[in-house]
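# Examination of the molecular architecture
Here is how the chains run, residue by residue.
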Amino acid sequence: MPATPHPPPGPPAADPEAIRPAATVMLVRDAHPGIETYVLRRVTTMAFASGMTVFPGGAVDGGDHGAATWHGPDPRWWGTAIGEPPGAARALVLAAVRELFEETGVLLAGPAAQGPVGVLPDDVREAVVQHRATLPGVLAEAGLGVRSDLLRPWANWLTPPGQGRRYDTFFFAAALPEGQQARMLTTEADLGQWRRPDDLFAERAAGRTKLMPPTMAMLRDLAGFASVEQVLAQTRVVTKVRVRPEDVARLVAGDGSVVPQ
């Protein structure tokens, strides 16, 4: 009897532990006293960080590798600042600008290196969210360039194995541009609000807010500044923080924010 033919092998399954580069933006504004930062509470149905209060951000996608006009430090400068090759740094900056735009409507792009930032309508933002358009494409059509001068390099955390998904996340700081308003526009969150870092820590202590270790570390950084001007003037040396599985429980419990490099 002839052997039964076997179907051809399908494509290999995606590695759930594959490390994905990601960008997160700590958007800040002056408050009285101190500063506030814009945070989102992720819906409980999310596969990653469900129910957590986080900064706007997400993984780099294919559109973030497209050509875009830049106003401000170029990809080579950013590569040095965050310890990545210029091409990877360029995609991370674009991802930071795109994610902030998608999730809050705040656009760090403009027609020139100085002056006010640009504005794009909600239907254009929705087209980017739904992958019907790319951020570089819509910026080019509107005559806008990425305002990389409005971002500051801040930190880089690599999540440990065994958590289901792994992200190599780069944190950026940015001030809320004049004339713009942050809104909760993503379906991945059910709450968006401006909060003082110390208030978020108090809510966490009371069991009303959940924070991931990197978010706690970033909030501790921001709590030390009295103004947005101080945040933007800060010079950061970005080195990769590699979180070990055994560090996670300690950090979530609030036992410090220092992790072995």
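Residues numbered from 1 in each chain as written. Predicted model: local features only at pLDDT ≥ 70, side-chain atom pairs only at ≥ 80, totals over all residues. Heavy atoms only, no water.

## Observations regarding the pattern of salt bridges
Definition in use: Take a side-chain nitrogen of Lys or Arg and a carboxyl oxygen of Asp or Glu: if they are within 4 Å of each other, that pair is a salt bridge. The cut-offs for exposure are 20% and 50% of the maximum accessible area for each residue type, with area from a 1.4 Å probe on protein chains only; residues under the lower value are buried, those over the upper are exposed, and the others partly exposed.
If you walk through the whole model with that rule in mind, you get 16 salt bridges. Here Arg-29 and Glu-36 are joined by a salt bridge, their closest N and O atoms 2.8 Å apart. A relative accessible area of 13% means that Glu-36 is categorised as buried. Across the pair Asp-199 and Arg-196 runs a salt bridge whose closest N-O atoms are separated by 4.0 Å. When its relative accessible area of 30% is taken as the criterion, Asp-199 is described as partly exposed. Look at Arg-196 and you get partly exposed, because its relative accessible area is 25%.

## Quick notes on the packing of helix H2 (residues 86-104) against helix H3 (residues 122-129)
In a packed pair of helices, the relevant descriptors are the angle between the two axes and the axis-to-axis distance. We apply this condition: Only C-alpha atoms enter the line fits that serve as axes; for helices the fit covers just the stretch in contact. Angles between N-to-C directions range over 0 to 180 degrees. Strands here are runs of E lasting at least two residues and helices are runs of H or I lasting at least four, both read from the DSSP assignment and numbered beginning at the N terminus. When an angle is under 35 degrees it counts as roughly parallel; over 145 it counts as roughly antiparallel; between 65 and 115 it counts as roughly perpendicular; any other value is oblique. The sense of a crossing depends on the near helix, which, turned anticlockwise from the far helix by less than a right angle, makes the crossing left-handed and, turned clockwise, makes it right-handed. The contact criterion used throughout is that any non-hydrogen atoms of two residues lie within 4.5 Å. Three categories are distinguished: nonpolar for Ala, Val, Leu, Ile, Met, Phe, Trp, Tyr, Cys and Pro, charged for Asp, Glu, Lys and Arg, and polar for the others, with Gly belonging to the last.
The geometry of H2 relative to H3 is characterised by a closest axis approach of 9 Å and an angle of 120° between their N-to-C directions. Taken together, the axes of H2 and H3 lie oblique to each other. Here the hand of the crossing between H2 and H3 comes out left-handed. Here Arg-98, Phe-101 and Glu-102 of H2 come into contact with H3, specifically with Arg-125, Val-128 and Val-129. Taken together, the residues of the contact of H2 with H3 break down into 3 nonpolar, no polar and 3 charged.

## What about the nonpolar core?
Using the following cut-off: Within this scheme, the nonpolar core is defined by two criteria: the residues are buried Ala, Val, Leu, Ile, Met, Phe, Trp, Tyr or Cys, and they are joined through side-chain atoms within 4.5 Å.
Within the largest apolar cluster, 39 residues are counted, with the highest numbers of intra-cluster contacts made by Leu-27, Trp-78, Leu-107, Leu-135, Leu-139, Leu-151 and Phe-172. Ranked by the residues each element gives to this core, the list is headed by H2, at 10 residues. Apart from residues lying up to four places away in sequence, Leu-151 is in contact with Val-25, Trp-78, Val-93, Ala-96, Val-97, Leu-108, Phe-172, Ala-173 and Ala-174. Ala-155, Phe-171, Met-218 and Val-231 belong to the second-largest nonpolar core, a separate cluster that totals 22 residues.

## A few points about unusual backbone geometry
Omega for the bond connecting His-32 with Pro-33 falls within 30 degrees of zero, at 0°, which places this linkage in the cis form. One non-glycine residue, His-131, lies in the positive phi region at around 65°. Residue position: His-131 is located in the loop between H3 and helix H4 (135-142).

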